[in-house]
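Reading the structure
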Amino acid sequence: MTNIAAASIVLPGVGGPGAPSRSLQACAACPTAEPAPSASAGHPRYAEAIASKPATEGTPHKPAKTTREMLRWSRWWTSTLVSLRITRDARLRFTPGHYARLGIADDTGSPIFRPLSIASAPGDPCLEFLCTLIPGGEFSARLAEIRVGDSLEVERASFGFLTIDALSPGNDLWLLTTGSGLAPCMSMLRDPGVWNAFDRIVLVHSVRHAEELAYAAELRRLAQEPPDAARRASLRYLPVVTRDPGASALSQRIPALLDDGRLCLAAGATLDPEHSRVLVCGNPAMTRELRGLLGSRGFRTPRRGVPGQAAFEKYW
Ligand SMILES: Cc1cc2nc3c(=O)[nH]c(=O)nc-3n(C[C@H](O)[C@H](O)[C@H](O)COP(=O)(O)OP(=O)(O)OC[C@H]3O[C@@H](n4cnc5c(N)ncnc54)[C@H](O)[C@@H]3O)c2cc1C
Ligand SMILES: NC(=O)c1ccc[n+]([C@@H]2O[C@H](COP(=O)([O-])OP(=O)(O)OC[C@H]3O[C@@H](n4cnc5c(N)ncnc54)[C@H](OP(=O)(O)O)[C@@H]3O)[C@@H](O)[C@H]2O)c1
């Protein structure tokens, strides 16, 4: 078993000693929310983080139809990683793995939109997102200032091909993610569908530092006790921390771990196109490397409506 010891992770704002109280902002309407003393600005250390790089030119996308929603809850895992829960228009339908376009306005009222994978289940009355804040990023700068009660815009449609129905039936589902690429997998694991479509799910989440293992407690719980509605699958959660030696049993990048067989050993499963299905999400260099590696092992991507054995989503 390769889970890092629970005692070794102290996530800022998750109740560890000295956790800053302002890292949680809450609303009673959100089932996972925990009360916070007051709504506050974004993470205090973010200003320092973005000061190191000049702002880049944004690429605003103006969606045709949006609804105005409100931030109900936020949780800062680190100064550059936050989960947000926002109100949801009842007409917005999505499949786990989809992304939505979220817009945040500045003082002039003009919103900037970015695609963000939905981390909540389709049945959740709110929408949840997991966001990495980028130094110099235009959307990130606005995200850093957002407070509970502020409004955001959400495009009415959801999009994406990183869904389990893009894959042909198989026994094992491998979810290979870096950073905020975990988000679409959270949506899947919070929905019974994926638990009933496979015998085994292996979730690999690669981050630089241990405190970036967002949702680690929820994932460990799911690995021990699948949700009631799950009739079939079991979950193996394999965190990979690449820049804190000793923080996790696995510490190399995912392609290297796959290439030399350590990932299969840790998962207790083989990876082959006959039985395994793979969804990859996050860093584009990682998706590129895995596309090559899995392609050479005979995995095919979905094409023109024909399901495949491996699907990829890159975030930039
Ligand atoms: C389909 C899709 C789904 C996405 N889902 C998410 C999501 O769930 N969560 C999320 O945080 N981002 C997600 N992104 C990225 C997101 O749209 C923005 O790029 C991000 O919020 C930063 O916006 P920005 O304007 O601050 O910086 P940008 O100008 O958009 O990006 C600047 C640079 O930051 C880096 N970067 C961008 N996004 C990330 C990231 N997520 N992690 C690490 N480095 C990054 C890249 O080097 C990029 O060139 C997704 C992108 C796509 C295409
Ligand atoms: N994470 C932070 O501490 C931090 C802090 C402030 C700002 N940021 C900004 O956030 C952005 C990056 O955020 P992030 O850390 O979430 O994403 P990231 O750089 O994609 O790193 C996430 C994980 O992906 C791994 N990875 C990177 N390239 C890979 C590849 N080619 N193949 C396989 N795995 C790969 C990383 O391993 P490696 O460790 O080996 O690279 C790490 O484990 C950058 O713009 C950065 O400036 C990050």
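The rules we used
Residues numbered from 1 in each chain as written. Chains lettered and ligands numbered in written order. Predicted model: local features only at pLDDT ≥ 70, side-chain atom pairs only at ≥ 80, totals over all residues. Helix = DSSP H or I, 4+ residues; strand = E, 2+ residues; numbered from the N terminus. Contact = placed C-beta atoms within 7 Å. pLDDT = per-residue confidence, 0-100. Pairing = 2+ DSSP bridges. Axes fitted to C-alpha atoms, helices over the stretch in contact; angles between N-to-C directions. Buried ≥ 20, exposed ≤ 12 C-beta atoms within 10 Å, placed from the backbone. Near = placed C-beta within 6 Å. Domains from an automatic or database assignment. Nonpolar A, V, L, I, M, F, W, Y, C, P; charged D, E, K, R; others polar. Expected span 1.5 Å × (residues − 1). Arc of directions from axis to C-beta.

What the protein contains, in helices and strands, is eight helices and twelve strands. Considering only contacts within the protein whose residues lie at least 6 apart along the sequence, 73% involve residues at least 24 apart.

This next bit is on the confidence of the model for the protein. Of the residues in the protein, 80% have a pLDDT of 70 or more, and the chain-wide mean is 84. Considering only residues more than four positions removed or in separate chains, one finds that residues 1-22, a stretch of pLDDT under 50, has 40 contacts. Note on residues 31-60: pLDDT under 50 across the span, and 54 contacts to partners over four residues away in sequence or across chains.

Moving on, we get to the sheet that holds strand S9 (residues 200-207). Ordered by their spatial adjacency, five strands build an open sheet running S10-S9-S8-S11-S12, and the pairing between neighbours is parallel. For this open sheet the edge positions go to strand S10 (234-241) and strand S12 (310-314), each flanked by a neighbour on one side alone. Sheet twist, expressed as the mean angle between neighbouring strand axes with direction ignored, is 10°. Pairing between strand S11 (residues 276-282) and S12: five bridges, direction parallel. Of the residues in S12, the one forming a bridge with Cys 281 is Glu 313. Across the sheet, helix H5 (residues 216-224) touches S9 and S10, and the angle it forms with S10 is around 145°. Packing against the sheet, helix H8 (residues 284-296) makes contact with strand S8 (172-178), S11 and S12, and its axis sits at approximately 160° to S12.

The next thing to look at is unusual backbone geometry. Positive phi outside glycine occurs at Tyr 215, with the angle close to 65°. Looking at the element boundaries, Tyr 215 is found in the loop between S9 and H5. Even without a glycine there, the phi angle at Arg 304 is positive, about 45°. Topologically, Arg 304 is positioned in the loop between H8 and S12.

Attention now moves to the pairing of S8. The buried fraction of S8 is high, at seven of seven residues. Side chains Asp 172, Trp 174, Leu 176 and Thr 178 project from S8 onto one buried face, and the interleaved Leu 173, Leu 175 and Thr 177 project onto a second face that is buried too. Relative to S9, S8 runs parallel, the two being bridged by seven bridges. Across the sheet, residue Leu 176 finds its bridge partner in S9, namely Val 204. The pairing of S8 with S11 spans six bridges and is parallel. Note that in S11 the partner of Leu 176 across the bridge is Val 280.

Every regular strand shows the same layout, with side chains that alternate between the two sheet faces. With six of its seven residues buried, strand S5 (residues 111-117) lies for the most part within the structure. Note that strand S4 (residues 99-105) and S5 share seven bridges and pair antiparallel. Across the sheet, Gly 103 pairs through a bridge with Phe 113, a residue of S5. The hairpin formed by S4 and S5 contains five residues between the paired strands, and Gly 109 there has a positive phi angle of roughly 90°.

Residues in contact with ligand 2 amount to 21 residues; listed here are only the nearest, Thr 178, Gly 179, Thr 242, Ala 285 and Met 286. Only S9, helix H6 (254-259) and H8 provide two or more residues apiece to the shell around ligand 2. At three residues, H8 tops the list of elements feeding residues into the shell around ligand 2. Counting only domains with at least three residues in the shell around ligand 2, you end up with domain 1 (11-159) and domain 2 (164-314).

Before going further, it helps to spend a moment on the site of ligand 1. Surrounding ligand 1, one finds 22 residues, the nearest of these being Ser 117, Gly 137, Phe 139, Ser 140 and Ser 180. If you list the elements that add at least two residues to the shell around ligand 1, you get S5, strand S6 (126-132) and helix H2 (138-145). Residues that form the shell around ligand 1 fall into these classes: eleven nonpolar, eight polar and three charged. Counting contributing residues per domain, the shell around ligand 1 is built from domain 1 (11-159) and domain 2 (164-314), each supplying no fewer than three.

Another aspect to go through is the environment of Ala 311. Mapping Ala 311 onto the fold places it in strand S12. The exposure class assigned to Ala 311 is buried, which follows from the 22 C-beta atoms found within 10 Å. Along the backbone, Ala 311 and Thr 301 are ten residues apart, and their C-alpha atoms lie at a distance of 5.6 Å. Filtering out sequence-adjacent residues up to four positions away, Ala 311 remains in contact with Phe 161, Leu 162, Ala 166, Leu 167, Leu 279, Thr 301 and Pro 302.

Before going further, it helps to examine H8. Along its 13 residues, H8 runs 18 Å from first to last C-alpha, staying within 8% of the 18 Å computed at 1.5 Å per residue. For H8, the complete set of buried residues consists of Met 286, Thr 287, Leu 290 and Leu 294. Each buried residue of H8 sits inside an arc of 95° when the element is viewed along its axis, so together they form one side. Those residues of H8 that are exposed and aimed more than 90 degrees away from the buried face are Ala 285, Gly 292, Gly 295 and Ser 296. Buried residues in H8 make contact with S8, H6, S11 and S12. One or two residues past the end of H8 sits Gly 298, with phi positive at roughly 95°.

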